[in-house]
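Below, each chain spelled out in residue letters.
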Amino acid sequence: KKYDALTLVDDAHGEGVLGKGGRGVVNHFGLDGEVDIEIGSLSKAFSVMGGFIAARQPLIDHYMMNARQRLMSIALTIPDTAALLEAVTMLGESEDLVKKLWWNVDYLR
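Residues numbered from 1 in each chain as written. Predicted model: local features only at pLDDT ≥ 70, side-chain atom pairs only at ≥ 80, totals over all residues. Heavy atoms only, no water.

Engineer: Describe the overall build of the protein chain, and please don't skip the residues or the numbers.
Structural biologist: Helix and strand counts for the protein chain stand at four helices and three strands. Starting at the N terminus and ending at the C terminus, the protein chain contains elements arranged as β-α-β-β-α-α-α. Referenced to the eigenvectors of the C-alpha coordinate spread, the extents of the protein chain come out at roughly 45 × 40 × 25 Å. The proportion of buried residues among the 109 residues of the protein chain is 26%. Surface exposure of the protein chain reaches about 8,200 Å², of which carbon and sulfur atoms provide 60%. A gap of 4 Å separates the mean positions of the 11 positive and 15 negative side-chain charges of the protein chain. (Helix = DSSP H or I, 4+ residues; strand = E, 2+ residues; numbered from the N terminus. Buried < 20%, exposed > 50% of the residue type's maximum accessible area, 1.4 Å probe, protein only. Areas by Shrake-Rupley, 256 points an atom, 1.4 Å probe, with all protein chains shown as cover. Lys, Arg positive; Asp, Glu negative; His and termini not counted. Charge placed at Lys NZ, Arg CZ, Asp CG, Glu CD.)

Engineer: Tell me about the nonpolar core, residues and numbers included.
Structural biologist: Grouped burial of nonpolar side chains is what soluble globular proteins tend to show. Leu42, Phe46, Val48, Leu84, Ala87, Leu91 and Val98 together form the largest nonpolar core, which totals seven residues. Per element, the largest residue contribution to this core is three residues, and it comes from helix 3 (residues 78-93). (Core = buried A, V, L, I, M, F, W, Y, C linked by side-chain atoms within 4.5 Å.)

Engineer: Let's hear about the layout of surface pockets: which residues, and what values?
Structural biologist: Its boundaries defined by the atoms lining it, the largest pocket holds a volume of some 560 Å³. Contributing to the lining of the largest pocket are 18 residues, with Gly50, Gly51, Phe52, Tyr63 and Ser73 lying nearest its centre. Those elements that place two or more of their residues in the lining of the largest pocket are strand 2 (37-41), strand 3 (51-55) and helix 2 (57-66). Split by residue class, the lining of the largest pocket holds 10 nonpolar, six polar and two charged. (1 Å grid on protein atoms, 1.4 Å probe; cavity = no way out; pocket = protein on both sides within 12 Å on 5 of 7 lines; lining within 4 Å. Points joined across faces, edges and corners; volume = space filled by probe spheres on them. Nonpolar A, V, L, I, M, F, W, Y, C, P; charged D, E, K, R; others polar.)

Engineer: I'd like a description of the environment of glycine 24, backed by residues and values.
Structural biologist: Topologically, glycine 24 is positioned in the loop between strand 1 (8-10) and helix 1 (25-28). Sequence separation between glycine 24 and alanine 55 is 31 residues, and the spatial gap between their C-alpha atoms is 15 Å. Look past the residues within four positions of glycine 24 in its chain and what remains in contact with it is Asp11, Gly14, Glu15, Leu18 and Gly19. (Contact = heavy atoms within 4.5 Å.)

Laid out in structure tokens, this is it:
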């Protein structure tokens with residue numbers, strides 16, 4: 001804000017792991033609504049192919065028209081979409097999976 005710059009968080013390793021119910025790094029540090037662009041991977045904690053970009057509509061429109069990496073991309077498959085929706089639903093209903101993950105981390109240390 002001080003320098004009128006856009007902020008971007010690459011949350012490839014935070015989604016499903018950090019924050020309330022695995023909401024990621026932005027949530028973990030209490031920055032919900034403060035980050036302009038958030039990108040992440042669906043192939044780590046969610047175990048499906050693909051990734052995401054979340055931003056306000058003008059930024060998404062710019063990305064859709066100009067990003068070369070989007071040129072050869074395809075939509076998620078139906079099974080991957082169903083698995084992702086179920087994983088997000090499970091994380092939204094309970095924090096038990098994230099707590100179990102961190103219990104395992106502590107145990108293995």
